[in-house]
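Next come the chains, spelled out residue by residue.
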Amino acid sequence: MFRSHTCGELRMSHVGSVVTLAGWIQTIRKFGAITFVDLRDRYGITQLVFNESLSGQLDNNPLGREFVLQVNGKVIERSNKNASIPTGDIEIEIQSFSILNKSVTPPFTIQDDTDGGDDLRMKFRYLDLRRNPVKKNLELRYAVNRSARNYLHEHQFMDIETPFLIKSTPEGARDFVVPSRMNAGQFYALPQSPQTFKQLLMVSGYDRYYQVVKCFRDEDLRADRQPEFTQIDCEMSFVEQEDILDMFEGLIKRIFKDVKGVEYTDQVERMTWEDAMWQYGNDKPDIRFGMQIHTLKKPASVYYNKTDQSALINDAGFAVFDGAESVLAITVPSGAAYTRKQLDELTEWVKRPQIGMKGLAYIRHNEDGTVKSSIDKFYSEERLKKIAETTKANKGDIILILAGAEERTRKAMSELRLELGEQLGLRKKDEFKLLWVLDFPLFEYSEDDNRWVARHHPFTSPKPSQISTMIENDPAIKDAANYLSHPYAQIKANAYDMVLNGNEIGGGSIRIYQRELQEKMFEALGMSKEEALHKFGFLLGAFEYGAPPHGGIAFGFDRLCAILGGSESIRDFIAFPKNNSGRDVMLDAPSSIDDVQLNELNLKINLS
Ligand code: ASP
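Thresholds, definitions, all that
Residues numbered from 1 in each chain as written. Predicted model: local features only at pLDDT ≥ 70, side-chain atom pairs only at ≥ 80, totals over all residues. Heavy atoms only, no water. Helix = DSSP H or I, 4+ residues; strand = E, 2+ residues; numbered from the N terminus. Buried < 20%, exposed > 50% of the residue type's maximum accessible area, 1.4 Å probe, protein only. Areas by Shrake-Rupley, 256 points an atom, 1.4 Å probe, with all protein chains shown as cover. Lys, Arg positive; Asp, Glu negative; His and termini not counted. Charge placed at Lys NZ, Arg CZ, Asp CG, Glu CD. Near = heavy atom within 4 Å. Polar contact = N/O pair within 3.5 Å; in protein donor to acceptor, adjacent residues only side chain to side chain. Nonpolar A, V, L, I, M, F, W, Y, C, P; charged D, E, K, R; others polar. Pairing = 2+ DSSP bridges. Contact = heavy atoms within 4.5 Å. Axes fitted to C-alpha atoms, helices over the stretch in contact; angles between N-to-C directions. Parallel < 35°, antiparallel > 145°, perpendicular 65-115°, else oblique. Left-handed = near helix turned anticlockwise from the far one by under 90°. Salt bridge = Lys/Arg side-chain N within 4 Å of Asp/Glu carboxyl O.

**As for the overall build of the protein chain**
Then comes step 1: Helix and strand content of the protein chain: 17 helices and 22 strands.
Then comes step 2: Out of the 608 residues in the protein chain, the part that is buried amounts to 50%.
Then comes step 3: Carbon and sulfur atoms provide 48% of the accessible area of the protein chain, an area that totals close to 29,900 Å².
Then comes step 4: With 76 positive and 88 negative side-chain charges, the protein chain shows a separation of 3 Å between the mean positions of the two kinds.

**Let's talk about the site of the ligand**
Then comes step 1: In the vicinity of the ligand, 14 residues are found, and the nearest of them are Q195, K198, Q231, H457 and R511.
Then comes step 2: Separating a nitrogen atom of the ligand from a side-chain N or O atom of Q195 is a distance of 2.7 Å.
Then comes step 3: Separating an oxygen atom of the ligand from a side-chain N or O atom of Q231 is a distance of 2.9 Å.
Then comes step 4: Contact with the protein chains hides 92% of the accessible area of the ligand, taken as 270 Å² for the molecule alone.
Then comes step 5: Looking at the shell around the ligand residue by residue, the class counts come to two nonpolar, eight polar and four charged.

**Digging into the pairing of strand β16 (residues 398–404)**
Then comes step 1: Burial of β16 is extensive: seven of the seven residues sit out of reach of the surface.
Then comes step 2: Two strands pair when backbone bridges link them, and strand β13 (residues 326–332) and β16 are joined in this way by seven bridges, in the antiparallel orientation. When the sheet's bridge partners are listed, I330 is paired in β16 with L400.
Then comes step 3: Across four bridges, the pairing between strand β14 (residues 361–365) and β16 is antiparallel. Directly across from Y362, in β16, lies its bridge partner L400.

**Description of the side chain of Q192**
Then comes step 1: Position of Q192 relative to the elements: it lies in the loop between β8 (187–189) and α5 (195–203).
Then comes step 2: For Q192, a relative accessible area of 1% corresponds to the buried category.
Then comes step 3: Ignoring any residue separated from it by four or fewer positions in sequence, one finds Q192 in contact with T169, P170, E171, G172, A173, R174, D175, C215, F216, R217 and F229.

**Considerations on the packing of helix α4 (residues 132–154) against helix α16 (residues 557–564)**
Then comes step 1: In the contact formed by α4 and α16, the axes pass within 10 Å of each other and the chain directions differ by 120°. Judged on the interaxial angle alone, α16 and α4 are oblique. Remark: the crossing between α4 and α16 carries right-handed chirality. When α4 is examined against α16, the residues L140, R141, V144 and N145 are found in contact with a partner set consisting of F557, D558, L560, C561 and L564.

**Considering the sheet that holds strand β11 (residues 269–272)**
Then comes step 1: What the eight strands build is an open sheet, ordered β6-β9-β10-β22-β21-β20-β17-β11; its pairing is mixed. Edge strands, defined here as strands with exactly one partner in the open sheet, are β6 (158–159) and β11.
Then comes step 2: Both β6 and strand β9 (residues 208–216) contribute to a ladder of two bridges, which runs parallel. The residue of β9 that forms the bridge with M158 is Y209.
Then comes step 3: Running over the sheet, α5 touches β9, β10 (228–237) and β22 (550–556) and is turned about 20° from β10.

**So, the pattern of salt bridges**
Then comes step 1: Enumeration according to the criterion identifies 43 salt bridges in this entry.
Then comes step 2: Between D118 and R571 there is a salt bridge, with its nearest N and O atoms 3.3 Å apart. With D118 in helix α2 (residues 118–123) and R571 in the loop between α16 and α17 (595–600), the pair connects residues that are 453 residues apart, well separated along the chain.
Then comes step 3: Judged by its relative accessible area of 36%, D118 falls in the partly exposed class.
Then comes step 4: Overall, the relative accessible area of 14% leaves R571 in the buried class.
Then comes step 5: Residue R583 pairs with D588 through a salt bridge whose shortest N-O separation is 3.0 Å.
Then comes step 6: Look at R583 and you get partly exposed, because its relative accessible area is 30%.
Then comes step 7: Given a relative accessible area of 47%, D588 falls into the partly exposed group.

Right, dumping it as structure tokens:
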């Protein structure tokens, strides 16, 4: 028997028993002839005492950090108890020991607060994984996985594996490809998601499918993305949007309960995509706090069909606002107390290249009811008060205003709102707020190709009431400058995203399941009939054999874990992650392959 107990197990009730433990040496402390060792395994730390009688043996077999040690000894009560660890009441009086393996000095100390930088920790990830904080993250990940599986199993979902070596599955990113040795000159693609397979499973009658599955996307890695990541991927037949929202609200609530002990009893809020863009400036609003954006002016040509307040803004002789496409405002509660310095800092903040604004205007709504503004010169007090009214500013608040091109300004205002929320302590880590964002546009306009692209993916169905708009109209965009007046721009998708604290944690849609409509969709996306058949003949064919109405969703498993774990970074929740350039620094991958391998694959490298 290698061990009788783990290093996290022994308590006062074990005092007197003789035990065998095995683990890694965390620390060694010598007091004269007595040596104390902290022995660690996955379950905890136990203190070992080597008395004088063993000092000769220790001299011959010196111990070192991270050595693997097996010990035999008696559990005794500690005179100096350590309340900060569960085994802190006892220690083991060692009778015999054996060094199972030695260790060279680790490149960083393996403890909660390590001295190892990110790169070093990633290069020696197998050592990093011995650390408590990383272990806790993986335990949380496993807890989320288990909870999801239990819920889905209880609801008749079946876990079915789908292949990794497939043909391209467009989800808006580039494919990773794998050359085929047996089919010279041909390539597999790795799935961006199991999208088409789960739909085929619906055609096959497996009406509730799920998989906790790797997806591969060759994207330029923006902060905190991984080229391979995990989804909780689900699909259901004979459902409408409402059924999906209901089922998967249940899933997330169950995960909250199982993993965080949080009873999320509220109905998950819902918001249309248009309202999200209008009120929060992005499609994944953090609704833990209010501070909605007020649109004082917008170009007539934007998607959202809402009215603005341009009359209040225009023709005051202020060229910046007169010439701007959009003027957006946000009211900061009690912000009238901001000092000059604070306002200067906020102005610098919006001018940073990532935000890209030229400046920040403000209107103070003072406690005494007067208004004071950086644009006093152009706007009368009466007009400023009107703006304050429109932006729902109370006495003591400040209104911050950004102006510029619509897309950039809305994005900047959305960022500013989040920054202010952060500064004001309104984005609390232990508060969880879920939101469904609904009614996304079905299409997005691609300026580069002057055509429509699918906002979600090409298998998403339009709202039933808008199917005729799609069928009856020619998708061609004749007037690129006015693409928003094309009827396709108004078509909304039967698609939904689940948002948690300002992060998109899942997204899905009700699918197209008739061949004609799917063909029309491919045509709308600029695909010829031949191309559609070549790429998706299998799916179009399957739709002719009794495809049921179906829909689904996929959750970003890594992200969900990170948020539940209160972390910004998904890497912390992946055992062996890649770095920001998509490299595995531990394996040193990707790497070149030798000529023999290249020849077998009929490949030549042509680096120019
Ligand atoms: N396959 C989609 C995605 O990866 C999710 C879905 O539509 O179910 O985003």
